[in-house]
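Reading the structure
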Amino acid sequence: MELRARDHVPGLTAALTVVSLAAVFGTVLGAVPVGLLPTAPSAFLDAIPHINAVFSTLAIVTIVLGVRFIRAGDVDRHRAMMLSTLGLFVAFLVLYLYRIALRGPAEFPGPETVYQFVYLPILAVHILLAIVCIPLVYYVLLLAVTRPVSAIYDTAHRRVGRIAASLWLISFFLGDVVYLLLYVVY
């Protein structure tokens, strides 16, 4: 019996989502043994939030360009931009989780009122959207890489992709707002 990924996109999406969320929550909750991770200079760990802000901003640009390219019918450029976004997201996530594993989450340095009524709600929406985006992104990615371009139009790629791109865009934007509140404003 031949096992083909194109015939199991929902199952593969679920499996990849579970593994990804387990890695994220395991790291955030301290389940990753720090001794297994390579050490990095303190200056590098200090630079990660700034590097990630650049990745996040570039991801916003690549999503917008990807949408523009597909609306213009340029599938190759659309694919390049969306794969670039995925690469930026993976790099962001690896660096973020590495820093979290070694140092824990950043403390909000601003006033309690801003923390409670501005920072936490923005952070909560950012995290919620990031979690929701994971299966959506896997789904559209798997549809795209398991089919020829002509067959993608017969799938839910377009419909789900619009939702994924919109939510991903908002999540990256809110991530930049969180960065600004943590490292620039306060």
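Our subject is the structure that appears above.
A brief structural summary. Since the model is a prediction, treat every value here as computed from it, not as a measurement. (Residues numbered from 1 in each chain as written. Predicted model: local features only at pLDDT ≥ 70, side-chain atom pairs only at ≥ 80, totals over all residues. Heavy atoms only, no water.)

**Things to note about the packing of aromatic side chains**
This structure, assessed with the given rule, holds nine aromatic pairs. Arranged with centres 5.7 Å apart and planes meeting at 35°, the rings of F108 and Y115 form a pair that is tilted. Of the residues examined, Y115 reaches a relative accessible area of 28% and is grouped as partly exposed. Each ring, one from W168 and one from F172, has its centre 5.6 Å from the other, and the planes form 40°; the classification is tilted. Highlighted residues: W168 and F172, both in helix α6 (residues 157-185), separated by four residues, approximately one helical turn. For W168, a relative accessible area of 6% translates into the label buried. Three or more aromatic residues link up through ring pairs in this structure, and these residues are F108, Y115, Y119 and Y186. (Phe/Tyr/Trp six-rings, centres within 6.5 Å; stacked < 30°, edge-to-face > 60°. Buried < 20%, exposed > 50% of the residue type's maximum accessible area, 1.4 Å probe, protein only. Helix = DSSP H or I, 4+ residues; strand = E, 2+ residues; numbered from the N terminus.)

**As for the packing of helix α4 (residues 112-145) against α6**
Here α4 crosses α6 at 145°, and the two axes come no closer than 7 Å. Where α4 crosses over α6, the handedness of that crossing is left-handed. When grouped by side-chain class, the residues that make up the contact of α4 with α6 number 26 nonpolar, five polar and no charged. (Axes fitted to C-alpha atoms, helices over the stretch in contact; angles between N-to-C directions. Left-handed = near helix turned anticlockwise from the far one by under 90°. Nonpolar A, V, L, I, M, F, W, Y, C, P; charged D, E, K, R; others polar.)

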